[in-house]
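Coordinate inspection notes
One-letter residues, chain by chain:
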Amino acid sequence: MEEQMNFEFKDEEFEKKKRMLENFKVTFEETGDPFVDAGGMALEYISKQFPEKTIMELIEWAAKVYVVKWNAKLNALFLNSPITQTSKKGNQKILSTIEMFKEIITKSSNLGFCRYCGNKTYLSKAGRDVSCLVGSGTFVNFHHSHEAGLMICPQCAVKYFFLPFGLLSMGNLTILQSTTNYGTEFWKMKTVKTNLDKISRGTSEGILKSDFKNPKNALFKLASELINIFANKEISENLTLYHFTNFAASVDCNIYSIPNPVFNFLSRVLKIKARQWFDFTYRYYHISKSKWNEKTNQWEIKDKIVTEDDYRNCRNEIFNKLLEGRSILSNMTSYYKKQIKKTKGIDSSMAVYYAKEVIKMTSEQINLIKSIGNKIFDLMKEEDAFKKYLVKLEGASKAYQLRSALINIIKKNYSVGNEETIVTLDEWVTYLFPDGQYWGEVRDLLLIFLYEKMHENDMKIEVDVNEQIDETEENNEEI
Ligand SMILES: [Zn+2]
């Protein structure tokens, strides 16, 4: 009798779990966690390709891809999971994965709130076997209430399992997190869709590999691709690249962000001045054993042109500065100076976009600097003394030196009898050097306007374009 009751109990439990498995659904609202969301993005796309499959069947499909096609090479992602455990072979890996997810989905204890999505449901412990960069086992101090691991819901655990389809390998693994549907769509096409195409052609052998090993350069390339693909859309984006590994003892994660103002600047410059942006950033790679050919505008190693394969992963000063929130206007100043004697058209719009979008200069300030530049240019021309003026402005590495150079120019302008002053006191205080504006950027933009004028007027004067322009000192002293 007792045995029979037990049997009935087991049977009831079995039926309940079966129903839970059959009724299990995944919803795809974003959680804000880049790993769960990238996995969710992959699962959503894959489930649309196989609408007849249940979630458990999709898990089985993915497990087969990982084990059979990818040879279980997920060690940088899942530590000691049924897929990566060496003690399990072939089909055992797939069966254990299915059993693990059956258990997670049919759990009926540990009611709580999921640490990723906040849903109230039955939770399971997510160690490094089913998620990345989390503490577990003896490292319980990572977790708020000393739980055995990160406590997560079945939906998030399942999404995580599909993460390998939403990654690119760049030495370490990468996820691109976006704040717009365009960015998510772009990353989905680049990763999940490409994976499925390769799987259907029989050429998929593991997590997709990028040509990039340098995540900073890769992030700018990804941003450029995104802008070009959706060129007819106005996208306002924050892009973040997670460059990480969950591998054994070498767990690591570096995060790189292109903030919204820099993205907006890139977007404008790539739509209107793409060639100029390329020329400018190309010049600022640090390529070992190579030298810059000023005539051909190219990097060369032993008279051979350096190819993109050679420089793609080299350090780029402009990209690094933009990621660190440092100004690139002084680099632009040097770049524009080198263009003075070149025949191809060059204009200051790239610098103006940057000043507006990233430095947040107002139109009034930019227009005033431009008007001052025009007046100084006329004076230089009248006096036929370009070098004299340039040396003073280029050499102003401290605020008082710029102030003194400008005051001398104002005096000169008055003494030659010009009716209009270079700048009024009101303009000086309100627009030229407003509170919170770094004076060095004013000098740099002024020089850029002057170089542009000289270039436009095809000045035949001898300007040593290799002469260094003094870097302004980065303390915002009073002007
Ligand atoms: Zn969750």
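As the structure is a computational prediction, the values presented were derived from the model and not from experiment. Chains are numbered independently. Their residues run from 1 in the order of the written sequence. Per-residue local features of the predicted model are confined to residues with pLDDT of at least 70, and side-chain atom pairs are confined, for both listing and counting, to 80 or more; whole-chain, interface and lining totals are unaffected and use all residues. Side-chain figures throughout are based on the complete set of non-hydrogen atoms in the structure, without hydrogens or water.

Looking now at the coordination of the zinc ion. Summarising the metal site, the zinc ion is bound by the protein donors C114 (SG), C117 (SG), C153 (SG) and C156 (SG), whose distances to it range over 2.3 Å. The rule for donors is simple: an N, O or S atom within 2.8 Å of the metal counts, and for Na, K and Ca the reach is 3.2 Å. Water is not among the atoms, so a site may look short of donors. Geometry assignment treats four donors as tetrahedral when all angles are between 85 and 135 degrees, treats four as square planar and six as octahedral when opposite donors are over 155 degrees apart and all others between 65 and 115, and treats everything else as irregular. Of note is the zinc ion, whose four donor atoms meet at the metal with angles of 107 to 113° in an arrangement that counts as tetrahedral. Along the chain, the residues donating to the zinc ion fall in the pattern C-x2-C-x35-C-x2-C. When accessible area is computed with a 1.4 Å probe and restricted to protein chains, residues below 20% of their type maximum are described as buried, those above 50% as exposed, and intermediate ones as partly exposed. Given the relative accessible area of 4%, C114 is considered buried. The exposure class assigned to C117 is partly exposed, which follows from its relative accessible area of 27%.

A separate point is the pairing of strand 7 (residues 239–245). Among the seven residues of strand 7, seven are classified as buried, and the element is accordingly described as predominantly covered. Here a strand is any run of E in DSSP of at least two residues, a helix any run of H or I of at least four, and the numbering for each starts at the N terminus. Of the two faces of strand 7, the one carrying L239, L241, H243 and T245 and the one carrying T240, Y242 and F244 are both buried. By definition, two strands form a pair when at least two bridges between them are found by DSSP. Note: strand 6 (residues 172–177) against strand 7, five bridges, orientation antiparallel. Bridging across to strand 7, Q177 finds its partner in T240. Strand direction decides the pairing type here: strand 7 and strand 8 (residues 252–258), joined by seven bridges, are antiparallel. Bridging from a neighbouring strand, T245 pairs with D252 of strand 8. The turn joining strand 7 and strand 8, which pair antiparallel and follow one another in sequence, is formed by six residues; a positive phi near 25° is taken by A248.

When the domains of the chain are assigned, the result is domain 1 (16–166), domain 2 (171–326) and domain 3 (365–479). Of note, the centres of domain 1 and domain 2, computed from C-alpha atoms alone, are 30 Å apart. Two residues form a contact once any of their heavy atoms are found within 4.5 Å. In this assembly, 29 residues from domain 1 lie in contact with 27 residues from domain 2. At the boundary of domain 1 with domain 2, total buried surface from both sides reaches about 2400 Å², with 69% on carbon and sulfur atoms. What counts as buried area is the accessible surface, traced by a 1.4 Å probe, that two parts surrender upon association, with contributions from both included. If you sort the residues of domain 1 by the area they bury against domain 2, M41, Y45 and L133 come out on top, with a joint share of 25%. The rule for a salt bridge is simple: a side-chain nitrogen of Lys or Arg has to be within 4 Å of a carboxyl oxygen of Asp or Glu. The tally of links from domain 1 across to domain 2 stands at zero salt bridges. Throughout this description, a polar contact denotes any pair of N or O atoms lying within 3.5 Å of each other; where both atoms belong to protein, one of them has to be capable of donating a hydrogen while the other can accept it, and for residues adjacent in sequence the pair is counted only when both atoms sit in side chains. Taken together, the links from domain 1 to domain 2 amount to 12 residue pairs in polar contact (both at pLDDT 80 or more). As used throughout, domain bounds are those supplied by an automatic or database domain assignment.

Another aspect to go through is the packing of aromatic side chains. Each aromatic pair joins two rings of Phe, Tyr and Trp (for Trp, the six-membered one) with centres within 6.5 Å, and gets the label stacked for planes under 30 degrees apart, edge-to-face for over 60, and tilted for any other angle. Within this structure, the stated rule accounts for 30 aromatic pairs. Ring centres of W277 and F280 lie 5.9 Å apart, and the angle between their planes is 50°; on these two criteria the pair is classed as tilted. Of this pair, W277 and F280 both sit in helix 9 (residues 274–283), three residues apart, which is roughly one turn of that helix. Of the two residues, W277 and F280, both sit in the buried class. Taken together, the ring pairs connect F50, W61, Y66, W70, F101, F161, F162 and F165 into an aromatic cluster. The lysine or arginine in question, K53, covers the ring of F50, its NZ or CZ lying 5.4 Å from the ring centre. The rule is short: NZ of Lys or CZ of Arg within 6 Å of the ring centre and within 35 degrees of the ring normal puts a charge over the ring.

Moving on, we come to the packing of helix 12 (residues 329–339) against helix 18 (residues 439–456). With their axes 9 Å apart at the nearest point, helix 12 and helix 18 run at an angle of 15° to one another. One element, helix 12, and the other, helix 18, form an angle in the roughly parallel class. Pair helix 12 / helix 18 crosses with left-handed handedness. Counted together, L329, S330, M332, T333, Y336, K337 and Q339 of helix 12 and E441, D444, L445, L447, I448, Y451 and H455 of helix 18 form the full contact between these two elements. Along the lines of polarity and charge, the residues of the contact of helix 12 with helix 18 split into seven nonpolar, four polar and three charged. Here an axis means a line fitted to C-alpha atoms, over the contact stretch when the element is a helix, while the angle between two N-to-C directions is reported on a 0 to 180 degree scale. Relative orientations are named as follows: roughly parallel for angles under 35 degrees, roughly antiparallel for angles over 145 degrees, roughly perpendicular for angles from 65 to 115 degrees, and oblique for any other angle. In this scheme, a crossing is called left-handed if the near helix is turned counterclockwise away from the far one by less than a right angle; it is called right-handed if the turn is clockwise. Classification used: nonpolar for Ala, Val, Leu, Ile, Met, Phe, Trp, Tyr, Cys and Pro, charged for Asp, Glu, Lys and Arg, polar for all others including Gly.

In this section: the pattern of salt bridges. Going through the model one piece at a time under the given rule, you end up with 19 salt bridges. A salt bridge links K221 to E308, with the nearest nitrogen and oxygen atoms 4.0 Å apart. You can see K221 sitting in helix 7 (residues 215–229) and its partner E308 sitting in helix 10 (residues 308–311), a full 87 residues away along the chain. For E308, a relative accessible area of 35% translates into the label partly exposed. R326 serves as the salt-bridge partner of E324, at 3.0 Å between the closest nitrogen and oxygen. For E324, a relative accessible area of 45% corresponds to the partly exposed category. Given the relative accessible area of 42%, R326 is considered partly exposed. Linked through salt bridges whose partners overlap, the residues forming this network are E383, K388 and K412.

Attention now goes to the environment of F280. Accessibility expressed as a relative area gives 0% for F280, which makes it buried. In this structure F280 touches I318, I328, N331, M332, Y335 and M350, once residues within four positions along its chain are discounted.

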